[in-house]
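Report on the structure
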Amino acid sequence: MKYLAYIPLLSFLLLISCNEKETMPELLQKTADNQFFVPDNIYASSVRAAYFDSISKVAPDNQKERYDLKKASALLYAGKTKDAIEILERLWKESNKGALRYKLEAFEEEKIGPLLALAYMRLGEQQNCIHHHDASASCIIPIDPEGYHQDPEGSRKAISLYEQFLRQDSHDYNSRWLLNVAYMTLGEYPEGVPEKWLIPESVFESEYPLKKFKDIAPKLGLNINELSGGGIVEDFNNDHLLDVLISSWFPSDHLKYFINNGDGSFSEKTETAGLEAVTGGLNMVQADYNNDGFLDIFILRGAWMGNLGKHPNSLLKNNGDDTFTDVTIEAGLLSLHPTQTATWADFNNDGWIDLFIGNESETGNVHPCELYINNGDETFSNRTASAGLTISTAEEPFYVKGVTTGDYNNDGWMDIYVSTLQSSSKNLLFLNQGPDKTGSLYFEEAGSRVGLEEQISSFPTWSVDYNNDGWMDIFVAGYQKSDFYTIVPDIVKEYLGEPNRAETMRLYQNNGGSFTDVSAKVGLNKIGYAMGANYGDLDNDGYPDIYLSTGEVSYESIIPNRVFRNNSGKEFQDVTTAGGFGHIQKGHAVSFSDIDNDGDQDIHVVMGGAYEGDNFFNSLYINPYQDENNWISLKLEGTEANRAAIGSKIEVKVTEEGGLERSIFHTISSGGSFGCSTLRAQIGLGKASAINEVKILWAGSGTTQILKNLKLNTFYKITENKAEAEELNLQPIQLQETVR
């Protein structure tokens, strides 16, 4: 009997062996056919609609309506809204006549009305926000006149139903929210909303008059209309122009690669880059894994799918000629686990970037996290167990949703913070102890010891020095609602100042190796129900701000993205409405970058939900602060450190107006755990009158480099151990209409 214990391992090894005989495109297609496009997958809506239709045709008369209801729901989530409405209208009429009493359970019959109202809301979105999209106004709360629906049918019928539901239950917060949104789409908010159900305009007011950011993605041909996915804004061909890479998690959607032409336009080069066969991917993370000077891409798959989530990730090697090659198998990174989060860092300080992957585990479906150490020869070795990072066991599974790295105790070794989607467990902090007596890298879980013992259910996370004191702090967005169905009731209650039980954001301030929760102190003890998120400097004042891409899988959860300005490290101010960021479609990957080389940080956001009918246009918000404050841009290149300098710390000492000196800190990384900013450091300097010095602590090598005589508002390339910085003569780009 003891040999039975080896059967799962042998099966896995056989599977890997078989997979090595397949190409990655073949493996991706096989995985999609067997684990995605199947009726058991709740996200494969078209497949499910056909499945329920086939059952309905042969079901007994007293069962037919049950499968018609399931079919209607699947059609709605497949984007076939009019077909869903046709079925739901029939069922709704029969329900009102009492004709379904013995054909459906009570809970099933109760779904018909809300599904019908939701279908009409979705119809209004499709006919107006999608088919007649205005990037500056469509689906931005509060909706401007340019975003009012020209075809009112969907919203008008939804209003009638939601008012009916609210007359029956005045505490139906879900209907109350959608009723207010529907009135907004018709230009009848707030005056037209019955006062007892009105959500007042004042709840959307910003706490600081941030300038408005304009979404110009349609102008540039970057308004991709797909589902949730990853996004990277990065210089992939080393021409000092930032390109855009986008994924959609649907297995039939391939990556999209846009080259920045430098003349204000972008060209899609997906086919010539060899990326059309690379499909799916909920998130992506970039790094130069082979130190050849060109940034490579790691794609993550399988998240949210439980037993159906055994999807392969992909490592794409940048060939340096605007083409990429999938080298997952050759590099030793082929594994089959549900995930959407990973982080690159040089954990063993050998000058080669390593990889940590956070996998999702549940009771009975365990997928341990993975640590891959770079061998320096374009291959990796799995060192998870020996490093003490076997997160998740049968006895204690962790549903890992975000991972981030930082040197939290400033000892020169990169540590790991793990965010988990479980209210019954804590997040995890692994401090890197360096090599043990055998020479093996080892991590110690030390969360409880350093003040991070709190139980919290959370999602995206990052490491950042929010108050510029030289110590890396930790931000994590709470992701737990009080109601099983949607987050909307909690959002409405927060707007109205009523108690709710949703998980809130956390900001853990680093006190020099220990942490304190300062969320309430800085005004972040609010619902930040984010999927994608990232940080950047909205106004070049030298303090990192927060962009949250909010939402969840349900169609009802059309809640505004949220943006918070860091007010000198003292507090965070909600600037969502002022900045024009209150998008109510599902938000995912967020990337901060200076895409037009004018000195401030623009924001790229991948939009769209998980269900195949929940697609929406991506956004690119152009920053209006180019003339407001000073800045410096630094492209770092390691020689002893990893080539992309990931994990290297920058301190910029400046003299401000009045002669005061202050330091601004920045660590090279792609930012948050869902969405990737450029590794080129764009550092706001506020009203600085001069740069006194730039000090760099190179990750891995430990080299300290100090440069003086650098100019304000200038782009530089800094090479490790090279005495002088290289000034880059980059001119602002006037973005223009792209001809595709």
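Residues numbered from 1 in each chain as written. Predicted model: local features only at pLDDT ≥ 70, side-chain atom pairs only at ≥ 80, totals over all residues. Heavy atoms only, no water.

**Side note on the sheet that holds strand 33 (residues 661-667)**
Strand order in the open sheet formed by four strands is 33-32-35-36, and the pairing between neighbours is antiparallel. At either end of the open sheet lies a strand with only one pairing partner, and these are strand 33 and strand 36 (704-707). The average undirected angle you get between the axes of adjacent strands in this sheet is 15°. One ladder, built from seven bridges, connects strand 32 (residues 649-655) with strand 33; its direction is antiparallel. In the sheet register, Lys649 faces strand 33, and the bridge partner there is Thr667. (Pairing = 2+ DSSP bridges. Helix = DSSP H or I, 4+ residues; strand = E, 2+ residues; numbered from the N terminus. Axes fitted to C-alpha atoms, helices over the stretch in contact; angles between N-to-C directions.)

**Topic: helix 3 (residues 45-58)**
Between its first and last C-alpha atoms helix 3 spans 20 Å; for 14 residues at 1.5 Å apiece the expected length is 20 Å, and the two agree. If you check which residues of helix 3 are buried, you get Ser45, Arg48, Ala49, Phe52, Asp53 and Ser56. Relative to the axis of helix 3, the buried residues are bounded by an arc of 135° and lie together on one face. Across helix 3 from its buried face, at more than 90 degrees, point the exposed residues Lys57 and Val58. Buried residues belonging to helix 3 abut helix 4 (64-77). (Expected span 1.5 Å × (residues − 1). Buried < 20%, exposed > 50% of the residue type's maximum accessible area, 1.4 Å probe, protein only. Arc of directions from axis to C-beta. Contact = heavy atoms within 4.5 Å.)

**Quick word on helix 6 (residues 106-130)**
Over its 25 residues, helix 6 runs 35 Å from end to end, which matches the ideal 36 Å to within 8%, given 1.5 Å per residue. Burial within helix 6 is extensive, with 20 of its 25 residues counted as buried.

**Describing the UniProt feature "domain: ASPIC/UnbV" (unreviewed entry) in the protein**
Annotation from UniProt places "domain: ASPIC/UnbV" (unreviewed entry) at residues 645-716. Counting secondary structure, residues 645-716 comes out at 0% helix and 47% strand; the distance between its end C-alpha atoms is 15 Å. (UniProt positions renumbered as here; feature names shortened; annotations may be inferred.)

**Some words on the packing of aromatic side chains**
Per the stated rule, a full pass over the model turns up 38 aromatic pairs. Taking NZ or CZ as reference, Arg122 lies 5.3 Å from the ring centre of Tyr555, over its face. Between Lys211 and the ring centre of Tyr625, over which it is positioned, the NZ or CZ distance is 5.0 Å. (Phe/Tyr/Trp six-rings, centres within 6.5 Å; stacked < 30°, edge-to-face > 60°. Lys NZ or Arg CZ within 6 Å of the ring centre and 35° of its normal.)

**Examining unusual backbone geometry**
With an omega dihedral of -10°, the bond running from Ile141 to Pro142 counts as a cis peptide bond. Between Tyr189 and Pro190 the backbone carries a cis peptide bond, its omega angle lying at 0°. With respect to the element layout, Pro190 can be found in the loop between helix 8 (173-185) and strand 1 (214-215). Its identity as a non-glycine residue notwithstanding, Asn597 has a phi of 50°, on the positive side. Relative to the assigned elements, Asn597 resides in the loop between strand 27 (587-593) and strand 28 (602-607). For Asn597, a relative accessible area of 2% translates into the label buried. The phi dihedral of Asn709 falls on the positive side, at around 65°, and the residue is not glycine. Relative to the elements of secondary structure, Asn709 occurs in the loop between strand 36 and strand 37 (715-719).

**A closer look at the nonpolar core**
Ranked by internal contacts, the top residues of the largest apolar core, which has 113 residues, are Tyr162, Trp177, Leu538, Tyr547, Phe581 and Ile603. Tallying contributions element by element places helix 6 first for this core, with 11 residues. Not counting residues within four places of it along the chain, the set of residues in contact with Ile603 comprises Phe213, Leu538, Tyr547, Phe581, Val590, Ser591, Phe592, Ser619, Leu620 and Tyr621. (Core = buried A, V, L, I, M, F, W, Y, C linked by side-chain atoms within 4.5 Å.)

**Quick word on empty space enclosed by the protein**
Scanning the entire structure with this criterion turns up eight cavities of 30 Å³ or more. Of the pockets and cavities examined, the largest cavity occupies roughly 270 Å³. If you go around the largest cavity, you meet 30 residues; those closest to its centre are Thr343, Thr405, Ser669, Ser670 and Gly671. Looking at the lining of the largest cavity, the elements that each hand over two or more residues are strand 7 (283-287), strand 11 (339-345), strand 15 (400-406) and strand 19 (458-464). When its residues are assigned to classes, the lining of the largest cavity shows 14 nonpolar, 16 polar and no charged. (1 Å grid on protein atoms, 1.4 Å probe; cavity = no way out; pocket = protein on both sides within 12 Å on 5 of 7 lines; lining within 4 Å. Points joined across faces, edges and corners; volume = space filled by probe spheres on them. Nonpolar A, V, L, I, M, F, W, Y, C, P; charged D, E, K, R; others polar.)

**Topic: the packing of helix 4 against helix 5 (residues 81-96)**
Where helix 4 contacts helix 5, the two axes come as close as 8 Å, and the packing angle between them is 145°. Viewed along their axes, helix 4 and helix 5 form a crossing whose handedness is left-handed. Two secondary-structure elements touch here, helix 4 through Glu65, Asp68, Leu69, Lys71, Ala72, Leu75 and Leu76 and helix 5 through Thr81, Asp83, Ala84, Ile87, Leu88, Arg90, Leu91 and Glu94. A class-by-class count of the residues in the contact of helix 4 with helix 5 yields eight nonpolar, one polar and six charged. (Left-handed = near helix turned anticlockwise from the far one by under 90°.)

**Some points on the pairing of strand 16 (residues 415-420)**
Summarising burial for strand 16: six of the six residues are buried, a large majority. Every second residue of strand 16 is oriented toward a common face, with Asp415, Tyr417 and Ser419 on one face and Ile416, Val418 and Thr420 on the other, all of them buried. Of the strand pairs in this sheet, strand 15 and strand 16 are connected by six bridges, and their pairing is antiparallel. Residue pairing across strands places Val403 opposite Val418, the latter belonging to strand 16. Direction of pairing for strand 16 relative to strand 17 (residues 428-435): antiparallel, over a ladder of three bridges. Bridge pairing links Tyr417 to Leu429 in strand 17.

**Quick look at the confidence of the model for the protein**
Summarising the model, the protein shows a mean pLDDT of 94, and 96% of its residues fall at 70 or more. Note that residues 1-19 has pLDDT below 50 and, in this model, six contacts with residues that lie over four places away or in other chains. (pLDDT = per-residue confidence, 0-100.)

**With respect to the sheet that holds strand 4 (residues 243-246)**
One open sheet accounts for four strands, arranged 3-4-5-6; its pairing is antiparallel. Edge strands, defined here as strands with exactly one partner in the open sheet, are strand 3 (231-234) and strand 6 (266-268). Across the sheet, the axes of successive neighbouring strands diverge by a mean angle of 15°, strand direction being ignored. Across three bridges, the pairing between strand 5 (residues 256-260) and strand 6 is antiparallel. Opposite Ile259, over in strand 6, you have Ser267 as the bridge partner.

**A word on the environment of Glu89**
Mapped onto the elements, Glu89 comes out in helix 5. Once the C-alpha coordinates of Glu89 and Asp354 are considered, the two residues, 265 residues apart in sequence, prove to be 55 Å apart. Setting aside chain neighbours within four positions, we find Glu89 in contact with Leu116 and Tyr120.

**Comments concerning the pattern of salt bridges**
Inspection of every chain in the model, using the stated rule, returns 37 salt bridges. We note a salt bridge from Arg449 to Glu444, for which the minimum N-O separation is 3.3 Å. Owing to a relative accessible area of 29%, Glu444 belongs among the partly exposed residues under this scheme. Two residues, Lys586 and Asp614, come together in a salt bridge whose shortest N-O distance is 2.8 Å. You can see Lys586 sitting in the loop between helix 13 (576-579) and strand 27 and its partner Asp614 sitting in the loop between strand 28 and strand 29 (616-617), a full 28 residues away along the chain. We classify Lys586 as buried; its relative accessible area is 3%. Take Asp614: its relative accessible area is 3%, and that puts it in the buried class. (Salt bridge = Lys/Arg side-chain N within 4 Å of Asp/Glu carboxyl O.)

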